[in-house]
Amino acid sequence: MRAPDRPPPDAHPARLILTLSLAATVGLGIGRFAYALVLPDMREDLGWSYSAAGFMNTINAVGYLVGALVASRLIQRVGWSAAIRGGTLACVAALATCALTGNFVALSLARLVLGLGAAAGFVAGGALAAAIAQSRPERANFLLSLFYAGPGIGILASGLIAPFTLQYFGPGSWWLVWWALTLLSVVMTAPLFLIRIESGVRFSEGSHAAFAILPVLIYLAGYFLFGAGYIAYMTFMTFMIAYVRDGGGGAAAQAAFWSLIGLSAFVTPWVWRGVLALDRGGLATAIILGTNALGAALPMLGHSPAWLAVSAVVFGVAFFAVVGSTTAFVRFNYPPQAWPTAIAAMTISFGVGQTLGPIVVGAITDALGSLSYALNVSAALLALGAVAALCQRKVGPAREPVP
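Parameters at a glance
- Along each chain, residues carry numbers from 1 onward, in the same order as the chain's sequence is written.
- With pLDDT at 70 or above as the cut-off, local features in this predicted model cover only qualifying residues; side-chain atom pairs require 80 or more to be listed or tallied, and sums for whole chains, interfaces and linings still use all residues.
- In computing side-chain properties, one takes all heavy atoms of the structure into account and sets aside hydrogens as well as water.
- Put simply, DSSP H or I for four residues or longer makes a helix, DSSP E for two residues or longer makes a strand, and each gets a number counted from the N terminus.
- We call two residues in contact whenever any of their non-hydrogen atoms come within 4.5 Å of each other.
- As used here, the term nonpolar core means buried Ala, Val, Leu, Ile, Met, Phe, Trp, Tyr and Cys residues forming a set that is joined through side-chain atoms within 4.5 Å.
- Only protein chains enter the accessibility calculation, which uses a 1.4 Å probe; a residue whose area is less than 20% of its type maximum is buried, one above 50% is exposed, and one in between is partly exposed.
- The aromatic pairing rule takes the rings of Phe, Tyr and Trp, using the six-membered ring of Trp, and pairs them if the centres are within 6.5 Å, calling planes under 30 degrees apart stacked, those over 60 edge-to-face and the rest tilted.
- The quantity known as pLDDT measures the predictor's confidence residue by residue, on a range of 0 to 100.

A. Spatial organisation of the side chain of Gln354. Note on placement: Gln354 falls in helix H17 (residues 339–368). Apart from residues no more than four positions distant in its own chain, Gln354 is found in contact with Arg32, Ala61, Tyr64, Gly227, Ala228, Tyr230 and Ile231.

Quick look at the structure:
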């Protein structure tokens, strides 16, 4: 692809990128992560096992993986605006389906569509955001960070809605939460139809540099473990919410706990700026993943609301930065013509991990009969991922400094 020289002339770059980020807000922040807030009530009302509950996130991850792999072809076929708007509308329709039925098959299909739509909106929106940011070199890093704050906005918004809705309407009101989130998503989708989404980006059949798996196999393994570990933590974040409730915390405490993760998205660029500049193999990823593991492990030491809040902050600050660290690794170790292939390999490894993670951890929880095992497994997977990343050496000389 070739980046456009500038964004549409009638749009301020920051405002345009913030608007594009709403696709990620709806597809990921609400569509994927809000499920953890609604799951306890759904599981009790619908009689699901932990494996069934985990499957819902697995099928969502499958949809996201498939959507990411076909996103470029979709953009070629229907165009940028249709991919972004259509993907986000698909997410809204899937959210409405979650509010309309308790049928397991229908809900599974809705979660699958949520993944597909989220991938289309996120990949196309992210590519356009990068192109717009490149048109303003002096502010590129700041502008691009606005797009990746989108999922955090969705997590924050859902955290302020779901607990209070469930508390006010009582057990069995999970479908009302989905309606509230659907309406919120409709409001957030509307601005995407009020701006001009166009681009000079076009695809070509340019040469592809060879990318060897073996030199980075240990790094790919670490990223796979991150995918499995982080999605297990987020899927079974409901355990944390249960701990907050059991400790006497009401809807306000639950909302505050969940919203802390979303708020963390806004500080990660400053917290990890120096770490991401480390050109030492997988060291940067290892540091961030180690922090991720620490955040996931903290609830093992206590279940008070304050302690769980610390866990949410530590985990949230780190997990939003892991993808950035893998991108930095690719940029440091490969020439630009190899970046698409290298990043695709990272995406597949991560996608497989987040696909298998929820259902495997759910099966372990069912077999051992304790909710705490999900957190133990999540922390262990993230720690193993950090160790694997630490073992990764540089593949080649530095190619380009990472801001």
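Read on for the rest.
B. The arrangement of the nonpolar core in detail. Among the nonpolar cores identified, the biggest contains 104 residues, and Trp48, Trp178, Phe226, Tyr230, Met234 and Phe319 are the most heavily contacted of them. When residues in this core are grouped by element, the largest group, eleven residues, is from helix H5 (residues 104–134). Those residues in contact with Trp48, other than ones at most four positions away along the chain, are Tyr35, Leu39, Met42, Arg43, Ala53, Met56, Phe104 and Leu107. By size, the runner-up hydrophobic cluster in this structure holds six residues, among which are Leu225, Ala228, Val361 and Ala374.

C. Expanded view of the packing of aromatic side chains. The full count for this structure, using the stated rule, is 13 aromatic pairs. When the centroid spacing of 4.9 Å and the interplanar angle of 80° are considered together, the rings of Tyr168 and Phe169 count as edge-to-face. Of the residues examined, Tyr168 reaches a relative accessible area of 68% and is grouped as exposed. When the centroid spacing of 5.6 Å and the interplanar angle of 10° are considered together, the rings of Tyr230 and Phe350 count as stacked. Linking Tyr230 in helix H9 (residues 217–235) with Phe350 in helix H17, this pair joins segments that are 120 residues apart in sequence.

D. Representation of the environment of Val361 in the model. Of note, Val361 is situated in helix H17. Residue Val361 is classed as buried on the basis of its relative accessible area, which comes to 1%. Along the primary structure Val361 and Tyr50 are separated by 311 residues, whereas in three dimensions their C-alpha atoms are 8.6 Å apart.

E. Quick look at the confidence of the model for the protein. On average, residues of the protein score 81 in pLDDT, and 83% of them are at 70 or above. Contacts from residues 1–10, a stretch scored under 50 in pLDDT, to residues over four places away or in other chains number 27 contacts. In the model, residues 203–208 has pLDDT below 50 throughout and makes seven contacts with residues more than four positions away in sequence or in other chains.

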